[in-house]
Amino acid sequence: MGKFYISSAIAYTSAKPHIGNTYEIVLADAIARFRRLIGDDVYFQTGTDEHGIKIEEKAENAGVSPQEYVDNISGEIRRIWDLMNVSYDKFVRTTDKHHEEIVQKIFKKMYDKGDIYKGEYKGLYCTPCESFWTPSELVDGKCPDCGREVKEVAEEAYFFKLSKYQDRLIKYIEDHPDFIQPESRKNEMINNFLKPGLKDLCVSRTSFNWGIPVTFDPKHVVYVWLDALTNYITNIGYDPDGSSEEFNKLWPCDLHLVGKDIVRFHSIYWPCFLWSLDLPLPKKIFGHPWLLMNNDKMSKSKGNVLYADDLVNKYGVDSIRYYLLHEIPYENDGNISEELVEQRINSDLANILGNLVQRTISMGIKYFDGSIENKGVNDEESLKFIDSINGVFDKVKSHMDTLHVADSLTDIFDLLRDSNKYIDVEAPWVLAKDDKNKEILETVLYNLLESIRVCGTLLEPYMPDKSKKILEEINSSSKEFTFNSNNKYILNKPEALFMRING
Ligand code: MSP
């Protein structure tokens, strides 16, 4: 199996991340864990984006230095990622000295090449989004991304020759249909940004200090998106003077997972920066939808923000991971509220998954003292059931390969539902009444345990703790994804996997 380099966006250290930002990291984690499960050599990078005027201002308001401010929030973000059981291989920070040095070298390399030149910037700037806009891009005179006021700014600045790469980029996107996914995001990039034409991009600022200084003109700091995007290469050993072996192994990245609002930066600026450095482009940029609260954008000022730690304290980490991974479709925004989380816990986790495991193990203990082997006495219903067990992995894998993560989880839950139905159809409690059915009864329980084992194994990327617990309860360490006729089960006493929430 091949190497798989996956990155999430690096979160701004302007404020504690809400459950929406947390959705992205859990999604990235599920993908990373799945690739590991199927044997890929995974490298998963995440971290924090720590420069820019917004952070400088926040620190000033808080009466601390920018460095103290970002140390605190970056620590908070990492704590939440750890709480969510995120299996990142590296947590990077853009205030890391090595990153800063390489960004300076990158800027110089682009300048020496003639891709960066000095000019004057006059434009409309949205401070919260760190973005410049043209008058025609504004919506009702305000920032088209966040709807806030923009202000006129004029300053001496360095520019990157984005226009030089425009035609090459359009052709590249057309020739590589998988490069920007989902399809709707790709069309948005082509129609809204590329077709109208790319203007050169302002890549330095003189109006504030909290950034990486340009070595040959230190009153300028590097534009925060040039600084941030390069995190994907500076932290794996890229160096304009000679990159490391690790870099040659890992680059190009297999998947940049980012929110739909920042696909633009990843699919337009980033490829042009990489071409300027003569580097290949990442294989895929996936713009995931957003998580809304009560169908509205989360915002502190509106008072509709949920935080991962509050939810985890109340419902447990895997219930929240399940909710996030199951509830947000491939392309459209998803919704969250405590009420919805509780409904899901009851209907899916307690009723379907928890019940199946509990019922099966209890019957195994009651009828066979917890020791079960395959007697192979299968009726038609059982053979059909074994077929569904054997089919689940391919379904999950093909959905995961195309990043339909919610659908892959549904594939597993479909088999869990089928397993509950299989119990109802076979009615082990009826079989148990007559000793001559003993072998059929043991076969039925064996088949159920195989289903629980396969589902338990496949659930690891989504609910790592519960997956482990399920496999412990049935005493299995087998990582096979299909029905095996030759296992022997010695069952442990079941404990409730999920508590029903009574509203
Ligand atoms: N710092 C930039 C990313 C730089 S990557 C080189 C940034 N940071 S952010 O903190 O604002 O957002 C981090 C990620 O969270 C982004 O991918 C963003 O799209 C995502 N989300 C922010 N709000 C979200 C929801 N409500 N729902 C889902 N994802 C959300 O952008």
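Everything here concerns the structure above.
Note on numbering: residues in each chain are counted from 1, in written sequence order. Per-residue local features of the predicted model are confined to residues with pLDDT of at least 70, and side-chain atom pairs are confined, for both listing and counting, to 80 or more; whole-chain, interface and lining totals are unaffected and use all residues. Computation of side-chain values: all heavy atoms of the structure, hydrogens and water removed.

Trainee: I'd love a proper account of the overall build of the protein chain, names of residues and values included.
Mentor: Of regular secondary structure, the protein chain possesses 18 helices and 17 strands. Taking the principal axes of the C-alpha coordinates as reference, the protein chain spans close to 90 × 45 × 40 Å. Exposure classes here rest on a 1.4 Å probe applied to the protein chains alone. A residue is buried below 20% of its type maximum, exposed above 50%, and partly exposed in between. Counting all 503 residues of the protein chain, 58% fall into the buried class. Whether two residues touch is decided by their heavy atoms; if any such pair falls within 4.5 Å, the residues are in contact. Long-range pairs, those at least 24 residues apart, make up 79% of the contacts in the protein chain with a sequence separation of at least 6. Accessible area of the protein chain: about 20700 Å², with a carbon and sulfur share of 48%. Secondary structure elements follow DSSP: runs of H or I of four or more residues count as helices, runs of E of two or more count as strands, with numbering from the N terminus. Per-residue and other accessible areas follow the Shrake-Rupley method at a 1.4 Å probe size, with only the shown protein chains counted as cover for residues.

Trainee: Which residues make up the site of the ligand, and what are the values?
Mentor: Close contacts around the ligand come from 24 residues, with Ile10, Glu24, Asp49, Gly259 and Asp261 the closest. For this analysis, a polar contact is any N or O atom pair within 3.5 Å, provided that within protein one partner can donate a hydrogen and the other can accept it, and provided that sequence-adjacent residues contribute only side-chain to side-chain pairs. One nitrogen or oxygen atom from the side chain of Glu24 is found 2.4 Å from an oxygen atom belonging to the ligand. Coverage of the ligand by the protein chains reaches 93% of its 660 Å² of free accessible surface. At the level of secondary structure, the elements contributing two or more residues to the shell around the ligand comprise strand S2 (11-12), helix H1 (19-37), helix H7 (224-229), helix H8 (231-234) and strand S12 (255-259). Here the shell around the ligand takes four residues from H1, the largest share from any one element. The class makeup of the residues in the shell around the ligand is 14 nonpolar, seven polar and three charged. Being near a molecule or strand, for a residue, means having at least one of its heavy atoms within 4 Å of it. Polar here means any residue outside two lists: the nonpolar Ala, Val, Leu, Ile, Met, Phe, Trp, Tyr, Cys and Pro, and the charged Asp, Glu, Lys and Arg; Gly therefore counts as polar.

Trainee: Which residues make up the sheet that holds strand S7 (residues 151-160), and what are the values?
Mentor: Only when DSSP finds a minimum of two bridges between them are two strands counted as paired. The strand order S6-S5-S7-S9 describes an open sheet built from four strands, whose pairing is antiparallel. If you trace the sheet from one side to the other, it starts and ends with strand S6 (131-133) and strand S9 (201-202), each paired once. As paired strands, strand S5 (residues 116-126) and S6 are joined by three bridges and run antiparallel to one another. Among the inter-strand pairings, Tyr125 is bridged to a residue of S6, identified as Phe132.

Trainee: An account of helix H11 (residues 308-315) is needed here, citing residue identities and associated values.
Mentor: Those residues of H11 that sit buried are Ala308, Asp309, Leu311, Val312 and Tyr315. The arc that holds the buried residues of H11, viewed along the axis, is 160°, so those residues lie on one side. Exposed residues on H11 whose side chains face more than 90 degrees from its buried face are Asn313 and Lys314. Along its buried surface, H11 packs onto H1, helix H3 (66-83), helix H12 (317-327), strand S15 (334-336) and helix H13 (338-368). Phi for Gly316, located one or two positions after H11, is positive at around 95°. Directions are taken from the helix axis to each C-beta atom, and the arc is the one they span.

Trainee: Could you give me a rundown of the nonpolar core, with the residues and numbers involved?
Mentor: Of all hydrophobic cores here, the largest spans 102 residues; its most connected members are Ile19, Ile31, Ile336, Leu353, Phe413 and Tyr462. Looking at this core, the element that brings in the most residues is H13, giving 12 residues. Once you skip the residues sitting within four places of it in the chain, Ile19 turns out to touch Leu291, Met298, Leu306, Tyr307, Ala308, Leu311, Ile320, Leu324 and Ile336. By nonpolar core we mean a set of buried residues, namely Ala, Val, Leu, Ile, Met, Phe, Trp, Tyr and Cys, connected to one another through side-chain atoms within 4.5 Å.

Trainee: Give me the lowdown on helix H6 (residues 183-194), citing residues and values where you can.
Mentor: Residue count minus one, scaled by 1.5 Å, sets the expected span of a helix. Between its first and last C-alpha, H6 extends 15 Å over 12 residues, near the 16 Å set by a 1.5 Å rise per residue. When H6 is considered as a whole, its buried residues turn out to be Arg185, Lys186, Met189, Ile190 and Leu194. Down the axis of H6, the buried side of the element spans an arc of 135°, and every buried residue falls inside it. Those residues of H6 that are buried lie in contact with helix H5 (162-175), strand S8 (180-181), helix H10 (263-276) and strand S13 (285-288).

Trainee: Could you give an account of the side chain of Thr95, naming the residues involved and the relevant values?
Mentor: For Thr95, the position within the fold is in the loop between strand S4 (90-93) and helix H4 (97-113). Judged by its relative accessible area of 8%, Thr95 falls in the buried class. At 2.6 Å, the side chain of Thr95 forms a polar contact with the side chain of Glu50. Those residues in contact with Thr95 that lie beyond four places of it in its chain are Glu50, His51, Gln67, Val70, Glu100 and Trp210.

Trainee: I'd like to hear about unusual backbone geometry, residue by residue, with values.
Mentor: Between Gln181 and Pro182 the backbone carries a cis peptide bond, its omega angle lying at -10°. Of note, Pro182 is situated in the loop between S8 and H6. A cis geometry characterises the amide bond from Trp251 onward to Pro252, with omega recorded as 5°. Relative to the helices and strands, Pro252 resides in the loop between helix H9 (245-250) and S12. At Asn295, a position not held by glycine, the phi torsion is positive, near 60°. If you trace the backbone, Asn295 turns up in the loop between strand S14 (291-293) and H11. Judged by relative accessible area, Asn295 falls into the exposed class, the value being 58%. The backbone of Ala427 sits at a positive phi, close to 45°, despite the residue not being glycine. Position of Ala427 relative to the elements: it lies in the loop between helix H15 (405-426) and helix H16 (428-431). In this structure Ala427 comes out as buried when scored by relative accessible area, which is 12%.

Trainee: I'd like a rundown of the pattern of salt bridges, residues and numbers included.
Mentor: A pairing counts as a salt bridge when a side-chain nitrogen of Lys or Arg comes within 4 Å of a carboxyl oxygen of Asp or Glu. By the definition in use, this model includes 43 salt bridges. If you follow the salt bridges from partner to partner, you end up with Lys16, Glu76, Arg79 and Asp309 in one network.

Trainee: Now, about the packing of helix H2 (residues 53-62) against H3: what can you tell me, with residues and values included?
Mentor: For helices, the fitted axis covers only the stretch in contact; all axes are lines through C-alpha atoms, and the angles between them, taken along N-to-C directions, range from 0 to 180 degrees. Contact pair H2 / H3: the axes reach a minimum separation of 8 Å and the direction vectors enclose 100°. As summarised for this structure, H2 and H3 are arranged roughly perpendicular, according to the angle between their axes. Contacts between H2 and H3 involve Ile55, Lys58, Ala59 and Ala62 from the former and Pro66, Tyr69 and Val70 from the latter. Taken together, the residues of the contact of H2 with H3 break down into six nonpolar, no polar and one charged. Throughout this description, any angle smaller than 35 degrees is read as roughly parallel, any larger than 145 degrees as roughly antiparallel, any in the 65 to 115 degree range as roughly perpendicular, and the remainder as oblique.

Trainee: Please set out the packing of H13 against helix H17 (residues 438-458) residue by residue, giving values where relevant.
Mentor: Packed helix pairs are specified by the crossing angle of their axes together with the interaxial distance, meaning the distance between the axes. At a minimum axis distance of 10 Å, the contact between H13 and H17 shows a crossing angle of 145°. The way H13 lies across H17 gives a crossing that is left-handed. Contacts between H13 and H17 involve Leu356, Val357, Thr360, Met363, Gly364, Tyr367 and Phe368 from the former and Lys438, Leu441, Glu442, Leu445, Leu448, Leu449 and Ile452 from the latter. Residues belonging to the contact of H13 with H17 are distributed by class as follows: 10 nonpolar, two polar and two charged. A clockwise turn of the near helix away from the far one marks a right-handed crossing, whereas an anticlockwise turn of less than a right angle marks a left-handed crossing.

Keep in mind these numbers describe shape, not what the thing actually does.
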